[in-house]
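One letter stands for each residue in the lines below.
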Amino acid sequence: MRIHVVDHPLVAHKLTTLRDQRTDSPTFRRLTDELVTLLAYEATRDVRIEPVDIVTPVCPTTGVRLSHPRPLVVPILRAGLGMLDGMVRLLPTAEVGFLGMVRDEDTLKASTYATRMPDDLSGRQVYVLDPMLATGGTLVAAINTLIERGADDVTALCLLAAPEGVEVMERELAGQPVTVVTASIDERLNEHGYIVPGLGDAGDRMYGTVG
Ligand SMILES: O=P(O)(O)OC[C@H]1O[C@H](OP(=O)(O)OP(=O)(O)O)[C@H](O)[C@@H]1O
Ligand SMILES: O=c1cc[nH]c(=O)[nH]1
Ligand SMILES: [Mg+2]
């Protein structure tokens, strides 16, 4: 597993506003969308392409296009849904699958309540969207599901990661073709499994609900 922290002043600026408790839900959703496009620029650096012949107004030339099989984008509900539009705007030919997962706030164990994606992911590049990598339980379970289905290249886009979660991912997914792209590795997890300084509960802040 590889981890890539996107170190860019615009990312840091937007992330700071996202963290601020005064930021309302509409602004939180817009900033999430903007941050995804910046993270996606790094996350898609190795997206597979193939040559294509075209003709410009001046002459024939050879360019590239996204190759087949098409990439699969998988947002992890709920909070990951807020990252979907920004991602498919950059990868318009991608297919979209869904994983609904929730973390028990007492045990911090993740469980899956919905799965909707192709059974066979052989040879597919998959982009998983989840803003928060906290204990890592959610992302490890999600990525194992994708690898069991044959995905051979998985990139997770997270807005924030905790060092504890990164360590779990590195241990549980050692030797697997997995990359994590994040805007920040924060300080730590608190006793409730929340990222510190973090931004609170991403799903609640995005959708204005609690629980
Ligand atoms: O790394 P972990 O410790 O597993 O925690 C991270 C998960 O927790 C949050 O989801 P939550 O369970 O709150 O669901 P939600 O998106 O519906 O709010 C977050 O969006 C991640 O999916
Ligand atoms: O800090 C955290 C940890 C898990 N899930 C969140 O939404 N925020
Ligand atoms: Mg939540």
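This is a predicted model, so every value here is computed, not measured.

What counts, and at which threshold
Every chain's residues receive numbers from 1 upward, in the order its sequence appears when written. Whichever chain is written first becomes A and whichever ligand is written first becomes 1, with later ones labelled in order. Reporting in this predicted model follows two pLDDT cut-offs: at least 70 for local features of residues, and 80 or more for side-chain atom pairs to be given and counted; totals over whole chains, interfaces and linings ignore these cut-offs and use all residues. Hydrogens are left out, water is left out, and the side-chain values use all remaining heavy atoms of the structure. Any nitrogen, oxygen or sulfur atom within 2.8 Å of a metal ion counts as a donor, with the limit raised to 3.2 Å for Na, K and Ca, and since water is left out, coordination shells can look unfinished. A helix here means a DSSP run of H or I that spans at least four residues, while a strand means a run of E at least two residues long, and both kinds are numbered starting from the N terminus. Definitions used for this entry: grid spacing 1 Å over protein atoms alone; cavity, a set of points where a 1.4 Å probe fits but cannot get out; pocket, an open set with protein on both sides within 12 Å along at least 5 of 7 lines; lining residue, one with an atom within 4 Å of a point. Grid points are joined across faces, edges and corners, and a volume is the space filled by probe spheres set on the points. When residues are sorted by character, Ala, Val, Leu, Ile, Met, Phe, Trp, Tyr, Cys and Pro go into the nonpolar class, Asp, Glu, Lys and Arg into the charged class, and all the rest, Gly among them, into the polar class. The aromatic pairing rule takes the rings of Phe, Tyr and Trp, using the six-membered ring of Trp, and pairs them if the centres are within 6.5 Å, calling planes under 30 degrees apart stacked, those over 60 edge-to-face and the rest tilted. In this scheme, the term charge over a ring applies when either NZ of a lysine or CZ of an arginine sits within 6 Å of the ring centre and within 35 degrees of the ring normal. UniProt positions are given in the numbering used here, feature names are shortened, and annotations may be inferred rather than shown by experiment. Exposed residues in this analysis have more than 50% of their type's maximum accessible area, buried residues have under 20%, and partly exposed residues fall in between, with area computed by a 1.4 Å probe over protein chains only. The contact rule is simple, with two residues in contact once any of their heavy atoms fall within 4.5 Å. Think of a salt bridge as a Lys or Arg side-chain nitrogen and an Asp or Glu carboxyl oxygen that are within 4 Å of each other.

(A) Highlighting the coordination of the magnesium ion (ligand 3). Around the magnesium ion (ligand 3), the protein contributes the donor atoms Asp 201 (OD) and Asp 201 (OD), which lie 2.6 to 2.7 Å from the metal centre. Counting through the fold element by element, Asp 201 comes out in the loop between β13 (195-196) and α6 (202-207).

(B) Structural view of empty space enclosed by the protein. One pass over the full model with this rule turns up one cavity of 30 Å³ or more. What the largest cavity holds in volume is close to 40 Å³. Across the lining of the largest cavity, the residue classes break down as three nonpolar, three polar and two charged.

(C) Looking closely at the packing of aromatic side chains. Scanning the entire structure with this criterion turns up zero aromatic pairs. Over the ring of Tyr 194 we find Arg 103; its NZ or CZ atom is 5.6 Å from the centre of that ring.

(D) Region of interest: the UniProt feature "binding site: 5-phospho-alpha-D-ribose 1-diphosphate" (unreviewed entry) in the protein. Following the UniProt record, the feature "binding site: 5-phospho-alpha-D-ribose 1-diphosphate" (unreviewed entry) maps to Arg 78, Arg 103, Asp 130, Pro 131, Met 132, Leu 133, Ala 134, Thr 135, Gly 136, Gly 137, Thr 138 and Asp 201 here. From this annotated list, the subset lining the largest pocket comprises Arg 78, Arg 103, Asp 130, Pro 131, Met 132, Leu 133, Ala 134, Thr 135, Gly 136, Gly 137, Thr 138 and Asp 201. Within the secondary structure, Arg 103 sits in strand β6 (residues 98-103). What makes Arg 103 buried here is its relative accessible area of 16%. When near neighbours in sequence (up to four residues on either side) are disregarded, Arg 103 contacts Leu 108, Lys 109, Ala 110, Ala 134, Thr 135, His 192, Gly 193 and Tyr 194. Here Met 132 shows up in strand β9 (residues 132-133). Non-local contacts of Met 132, meaning those with residues more than four positions away in its chain, are made with Leu 160, Ile 195, Leu 199, Gly 200 and Ala 202.

(E) Highlighting the pattern of salt bridges. Evaluation of the coordinates by the stated rule reveals 17 salt bridges. The partner of Asp 20 in a salt bridge is Arg 22, and the shortest N-O contact between them spans 2.7 Å. By relative accessible area, Arg 22 is classed as exposed at 71%. Through salt bridges with shared partners, one network takes in Lys 14, Arg 30 and Glu 34.

(F) Representation of the layout of surface pockets within the structure. Approximately 570 Å³ is the volume found for the largest pocket. Met 101, Val 102, Arg 103, Glu 105 and Asp 201 are the residues nearest the centre of the largest pocket, which is lined by 28 residues in total. Counting residues per element, the ones that place at least two in the lining of the largest pocket are β4 (72-77), β6, β9, α4 (137-148) and α6. Its boundaries defined by the atoms lining it, the second largest pocket holds a volume of some 220 Å³. Lining the second largest pocket are 15 residues; nearest its centre among them are Arg 2, Glu 42, Ala 43, Asp 46 and Thr 179. Elements represented by at least two residues in the lining of the second largest pocket include exactly β1 (2-5), α2 (25-43), β8 (125-129), β10 (153-161) and β11 (178-185). Top element by residues in the lining of the second largest pocket is β1. It accounts for three residues. Among the residues making up the lining of the second largest pocket, the classes are represented as five nonpolar, five polar and five charged.

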